[in-house]
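Residues per chain are reported as follows:
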Amino acid sequence: MAVALGVTEPGAIAFCAAKARALIGGELVELVVSMNSGMYKNAHTCCIPNSDAFGSAHAAALGYVAGDPDKGLSALEGATPEDDALAARYVREGRVRTALSGVSSRIFIEAALTTGAGTARVTIKDGHTNIVRMAVNGNVIFEADDAAPGSAGGDVEGHRIHAYTLKALVDYIQTVPFGEIAFVREAYRVNLALFEAGLHSPKARFAGRLLAMNGGEVISGSERNTASLLCNAAIEARVMGVALPAMSITGSGAHGIIATLPLYAVYKIRRLSEEQLCRATMLSYLVCTYIKEYSGRLSAFCGCGIAAGTGMALALCWLWGVDLAAMERTLSNMASSITGMICDGGNQGCVMKGVAACATAFDSAEFALGGAAVDPVHGINGLTPEATMRNMGRIASPGMERTEETILEIQREKS
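None of these values were measured; they are calculated from a predicted model.

## Overview of the overall build of the protein chain
Item 1. In terms of helices and strands, the protein chain carries 16 helices and eight strands.
Item 2. Taken against the 2.2 N^0.38 rule, which gives 22 Å for 415 residues, the C-alpha radius of gyration of the protein chain at 21 Å falls within 12% of a compact globule.
Item 3. The C-alpha extent of the protein chain, read off along each of the three principal axes, is 70 × 45 × 45 Å.
Item 4. Taking all 415 residues of the protein chain together, 58% fall into the buried category.
Item 5. Once the 34 positive and 40 negative side-chain charges of the protein chain are each reduced to a mean point, those two points are 2 Å apart.

In structure tokens, the structure reads:
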């Protein structure tokens, strides 16, 4: 769980560029930021905080001009209109550009900077801010292990969360001392502030309609409509560049929003305790992480809808007071419906994916409460909940690698 300003991928690109500039001074000659396909795709048409521009090249240029590497994924927090104009000039002049390093679900970013004073190179792998190598004028000044601790690349089944069953995760969130998980309260402070900003932002297109669909109220009597409003107005604010952070999970702000804000709707309408909300949130986070560490951090499937949506659906069940068997049925319904939703980058379309995730989560849980669920013999469902979550992740990696290539081809054609 970490604060992230704007969509995580432009933030990571800006952070990498800012770190490279911090290593060496001098007038900019050239900055080339290379990245894996998931990073490239996600940042391709994404709006950037404190800017009216979008895309990975502008994120890199603004990170070079005004990024603060000490702020991590919020590196662009202090960027000014003057900084934005200079970044745009560097992009127009061809002094800042981006490149695709290869098709992979494993995070990779490398900023190669040349200035009048020399060269600097910063390499990030497996985590959005996980620097594994830095070099100045060809001399390595820092080098670490290639992989972030506990970070799977989609084809590695080594994450420690996979040692647990769904039952163990549920038992944990029900019995862990509240003080150990109370930190998740901060996610609601951050994400609700983003929602409020999105609701009143001139950049918003969907937030007003979502509010109208909820009877013009932020908290109505409808859990489903309130959940969709809170969740998707916040997602829209994030992808349209509203300059407030989201609380991310597994490296994604949209994951963090979907994993939390629909639960807040149930909490408010049912007048539950803050402790119940936090325990449900921890279940949502853990199930999301379970699936994501099979799929890889960046892939061709929408982890926001699929992994975070599934975590949120099971947490809804817990807030509703249903048993483990109903949660397992909900999981089967989610796997049989939403798995396969593509990720075509961080953009305005994320709102519609969030709308679909919210609706499917409520439908899956409500069917499960009535005893209706897709049998494990069908489709990608496994014979156990753990196998089902694993299979959901496998659809992304290695299953959708060709889909990733096709999405990139479409984006390049439009460029």
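## A closer look at the side chain of H128
Item 1. Locating H128 in the fold gives a position in the loop between β5 (118–125) and β6 (131–136).
Item 2. Engagement of the side chain of H128 in a polar contact is seen with the side chain of E9, the distance being 2.7 Å.
Item 3. Beyond its immediate stretch of four places on either side in the chain, H128 contacts T8, E9, A12, F15, M39, L73, I107, I109, G251 and L298.

## Here's the deal with unusual backbone geometry
Item 1. The phi dihedral of T250 falls on the positive side, at around 50 degrees, and the residue is not glycine.
Item 2. Residue position: T250 is located in the loop between β8 (245–248) and α10 (253–270).
Item 3. Taking relative accessible area as the criterion, T250 reaches 10% and is therefore assigned buried.
Item 4. Non-glycine residue R271 carries a positive phi angle of around 55 degrees.
Item 5. By the element assignment, R271 lies in the loop between α10 and α11 (274–295).

## A closer look at the sheet that holds strand β7 (residues 139–143)
Item 1. In space, the six strands of this open sheet follow the order β3-β2-β4-β5-β6-β7, with mixed pairing throughout. Where the open sheet ends on each side, the last strands, each with one partner, are β3 (96–102) and β7. The sheet shows a mean angle of 15 degrees between the axes of neighbouring strands, direction not considered.
Item 2. Here strand β2 (residues 28–36) pairs with β3 via six bridges, running parallel. Looking across to β3, one finds that V32 is bridged to R97.

## A short note on the pattern of salt bridges
Item 1. Counted under the stated rule, the structure contains 19 salt bridges.
Item 2. Measuring nitrogen to oxygen at the nearest pair gives 3.5 Å for the salt bridge that ties E409 to R402.
Item 3. Look at R402 and you get partly exposed, because its relative accessible area is 49%.
Item 4. It is possible to trace a salt-bridge network through shared partners that takes in E27, R89, E93 and R95.

## Quick word on the packing of aromatic side chains
Item 1. Overall, the coordinates contain five aromatic pairs when judged by the stated rule.
Item 2. Cation over ring: R21 sits above Y64, and NZ or CZ is 4.7 Å from the ring centre.

## Thoughts on the nonpolar core
Item 1. Core analysis: the largest hydrophobic core is formed by 93 residues, its most contacted members being I235, I257, L261, L263, L283, W318 and M327.
Item 2. The element contributing the most residues to this core is helix α12 (residues 303–320), with 13 residues.
Item 3. The contacts of L261, once residues within four sequence positions are left out, are Y188, N191, L192, L230, C231 and A234.

## Thoughts on helix α1 (residues 8–23)
Item 1. The end-to-end C-alpha distance of α1 is 23 Å, a good match for the 22 Å that 16 residues give at a rise of 1.5 Å each.
Item 2. For α1, the tally of buried residues reaches twelve of 16 residues, placing the bulk of the element in the interior.
Item 3. For α1, every residue scored as buried is listed here: T8, E9, P10, G11, A12, I13, A14, F15, C16, A17, A18 and A20.

## Observations concerning the state of the cysteines
Throughout this description, disulfide means a covalent bond between two cysteine sulfur atoms.
Item 1. Tallying each qualifying case throughout the model produces zero disulfides.
Item 2. Considering cysteine sulfurs only, C358 is the nearest to C317, which forms no disulfide, with 14 Å between them.
Item 3. Judged by its relative accessible area of 0%, C317 falls in the buried class.
Item 4. You can see C350 has no disulfide; the closest cysteine sulfur is in C304, sitting 6.0 Å from it.

## Things to note about the environment of S34
Item 1. Take S34: it is sitting in strand β2.
Item 2. Along the primary structure S34 and T406 are separated by 372 residues, whereas in three dimensions their C-alpha atoms are 19 Å apart.
Item 3. If near-sequence neighbours (up to four positions away) are discounted, S34 is found in contact with A99, S101, F108, I109 and E110.

## Brief notes about the packing of helix α13 (residues 324–337) against helix α14 (residues 349–369)
Item 1. Where α13 contacts α14, the two axes come as close as 8 Å, and the packing angle between them is 135 degrees. One finds that α13 runs oblique with respect to α14. The interaxial crossing formed by α13 with α14 has right-handed handedness. Here α13 contributes A326, R329, T330, N333, M334 and S337 to the contact with α14, which in turn contributes T360, A361, S364, A365, F367 and A368.
Item 2. Split into classes, the residues belonging to the contact of α13 with α14 amount to six nonpolar, five polar and one charged.

## Some points on the packing of α11 against α12
Geometry of a packed helix pair, given as the angle between the helix axes and the separation of the axes.
Item 1. Relative to each other, α11 and α12 sit at 145 degrees, their axes nearing to 8 Å. Here α11 and α12 pass one another in a crossing that is right-handed. Contact residues: α11 offers Q276, L277, R279, A280, L283, S284, V287, C288, I291 and K292, while α12 offers G303, I306, A307, A308, T310, G311, M312, L314, A315, W318 and L319.
Item 2. Classifying every residue of the contact of α11 with α12 gives 14 nonpolar, five polar and two charged.

## Comments concerning the confidence of the model for the protein chain
Item 1. Per-residue confidence for the protein chain gives a mean pLDDT of 92, with 97% of residues at or over 70.
Item 2. Note on residues 148–157: pLDDT is under 50 here. Beyond four places in sequence and across chains, it has 22 contacts.

What counts, and where the lines are drawn
Residues numbered from 1 in each chain as written. Predicted model: local features only at pLDDT ≥ 70, side-chain atom pairs only at ≥ 80, totals over all residues. Heavy atoms only, no water. Helix = DSSP H or I, 4+ residues; strand = E, 2+ residues; numbered from the N terminus. Rg over C-alpha atoms; globule rule 2.2 N^0.38 Å. Buried < 20%, exposed > 50% of the residue type's maximum accessible area, 1.4 Å probe, protein only. Lys, Arg positive; Asp, Glu negative; His and termini not counted. Charge placed at Lys NZ, Arg CZ, Asp CG, Glu CD. Polar contact = N/O pair within 3.5 Å; in protein donor to acceptor, adjacent residues only side chain to side chain. Contact = heavy atoms within 4.5 Å. Pairing = 2+ DSSP bridges. Axes fitted to C-alpha atoms, helices over the stretch in contact; angles between N-to-C directions. Salt bridge = Lys/Arg side-chain N within 4 Å of Asp/Glu carboxyl O. Phe/Tyr/Trp six-rings, centres within 6.5 Å; stacked < 30°, edge-to-face > 60°. Lys NZ or Arg CZ within 6 Å of the ring centre and 35° of its normal. Core = buried A, V, L, I, M, F, W, Y, C linked by side-chain atoms within 4.5 Å. Expected span 1.5 Å × (residues − 1). Disulfide = S-S within 2.5 Å. Parallel < 35°, antiparallel > 145°, perpendicular 65-115°, else oblique. Left-handed = near helix turned anticlockwise from the far one by under 90°. Nonpolar A, V, L, I, M, F, W, Y, C, P; charged D, E, K, R; others polar. pLDDT = per-residue confidence, 0-100.

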